[in-house]
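Observations on chain architecture
Now for the letters of each chain:
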Amino acid sequence: MKQARRPSETRQAELVEAALGIIARRGVSALTTRSLADAVGLTTGAIFRHFTSLDALLGAVVARVEVVLDGTYPPAGLPPLERLQRFVEARSAAVGAERGILRLMLSEQFHLALPAAEATRLVRAVARTQAFIGAALREGQADGSLRSDVGADALVPVVLGTLQTVARSAQGALRVGAPAETVSALFTLLRAPSALSVVPPKHPKKRSRP
């Protein structure tokens, strides 16, 4: 008996996941219709029954990236410190589970390998991330929950670098200790220092006269 054909939406999702797998292992420049067909056991012609072109497939890959990234933003009404903590944990976990997304976002090739419109979408996704982190840092500095001796703009790359490190650690690409400890160290660095307790000076004891 012939295998029943899978619905096109199901096959499209499988092709997108396979494309991200190729990007994860070999980089975005290695993603071709031939490499994708080999990965999923289809002919190149069969791929075009589900996507009209390679550019259409790449558009679906970028759409998948956007869905994953957008799902990591916490509710806007949370206090800035909690909002930032939740974001760092959610984003590092989500990207750590999708190795292709991290490699695509960090790749210097995506501007060349992706259609211009899709490359622009990724650039905007990065810009949204930076804007979110910057806004949370500035609000936290304003309410006193985050340190204000270093400007928010200078701290944004620190948060982004930690995100990347934790995500790569989750993928086994780096051995830098437990991800939770790395995140904890980040927020130890970001929190406003506690007020020092004032200890009254000790007065020397008066010697009793003989």
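Note: the structure precedes this text.
These numbers were taken from a predicted model, which means no experiment stands behind them. Counting restarts for each chain: residues are numbered from 1 in the order of the written sequence. Whole-chain, interface and lining totals are the exception, using all residues; otherwise, since this is a predicted model, local features are given only for residues with pLDDT of at least 70 and side-chain atom pairs are given and counted only at 80 or more. In computing side-chain values, all of the structure's heavy atoms are included and hydrogens and water are not.

**Thoughts on the packing of helix H1 (residues 8–26) against helix H2 (residues 33–40)**
Selection rule: In this description, a line fitted to the C-alpha atoms serves as the axis of each element, helices being fitted only across the stretch in contact, and the angle between N-to-C directions of two axes falls anywhere from 0 to 180 degrees. Strands here mean DSSP runs of E at least two residues long; helices mean DSSP runs of H or I at least four residues long; both are numbered from the N terminus. Relative orientations are named as follows: roughly parallel for angles under 35 degrees, roughly antiparallel for angles over 145 degrees, roughly perpendicular for angles from 65 to 115 degrees, and oblique for any other angle. With the far helix as reference, a near helix turned anticlockwise by less than a right angle produces a left-handed crossing, and one turned clockwise produces a right-handed crossing. What makes two residues a contact is simply this: any of their non-hydrogen atoms within 4.5 Å. Side-chain classes are defined by residue name, with Ala, Val, Leu, Ile, Met, Phe, Trp, Tyr, Cys and Pro counting as nonpolar, Asp, Glu, Lys and Arg as charged, and the others, Gly among them, as polar.
Where H1 contacts H2, the two axes come as close as 10 Å, and the packing angle between them is 110 degrees. Judged by the angle between their axes, H1 and H2 are roughly perpendicular. When the axes of H1 and H2 are compared, the crossing they make is right-handed. Contact residues: H1 offers Leu-15, Ala-18, Ala-19, Ile-22 and Arg-26, while H2 offers Ser-35, Leu-36, Ala-39 and Val-40. Residue classes in the contact of H1 with H2 are distributed as 7 nonpolar, 1 polar and 1 charged.

**Quick look at the side chain of Glu-98**
So the rule is basically this: Throughout this description, a polar contact denotes any pair of N or O atoms lying within 3.5 Å of each other; where both atoms belong to protein, one of them has to be capable of donating a hydrogen while the other can accept it, and for residues adjacent in sequence the pair is counted only when both atoms sit in side chains.
Residue position: Glu-98 is located in the loop between helix H5 (80–97) and helix H6 (99–106). One polar contact links Glu-98 to Arg-64, side chain to side chain, over a distance of 2.7 Å.

**Let's talk about the pattern of salt bridges**
What counts here: Salt bridges are defined as contacts in which a side-chain nitrogen from Lys or Arg sits within 4 Å of a carboxyl oxygen from Asp or Glu. Each residue's exposure class comes from its accessible area (1.4 Å probe, protein chains only) as a fraction of the maximum for that residue type: buried when under 20%, exposed when over 50%, partly exposed otherwise.
Counting across every chain of the model gives 11 salt bridges. A salt bridge links Glu-66 to Arg-121; the shortest N-O distance between them is 2.6 Å. Remark: Arg-121 occurs in helix H8 (residues 116–143) and Glu-66 occurs in helix H4 (residues 54–70); sequence separation between them is 55 residues. On the accessibility criterion, Glu-66 (17% relative accessible area) is buried. Given the relative accessible area of 24%, Arg-121 is considered partly exposed. Bridged by salt links that share partners, the residues Glu-17, Arg-64 and Glu-98 form one connected network.

**A few points about the environment of Arg-147**
Its place among the elements puts Arg-147 in the loop between H8 and helix H9 (152–170). By relative accessible area, Arg-147 is classed as buried at 18%. In this structure, the C-alpha to C-alpha distance between Arg-147 and Leu-190, residues 43 residues apart in sequence, is 5.7 Å. Of the polar contacts made by the side chain of Arg-147, one reaches the backbone oxygen of Leu-189; its length is 3.1 Å.

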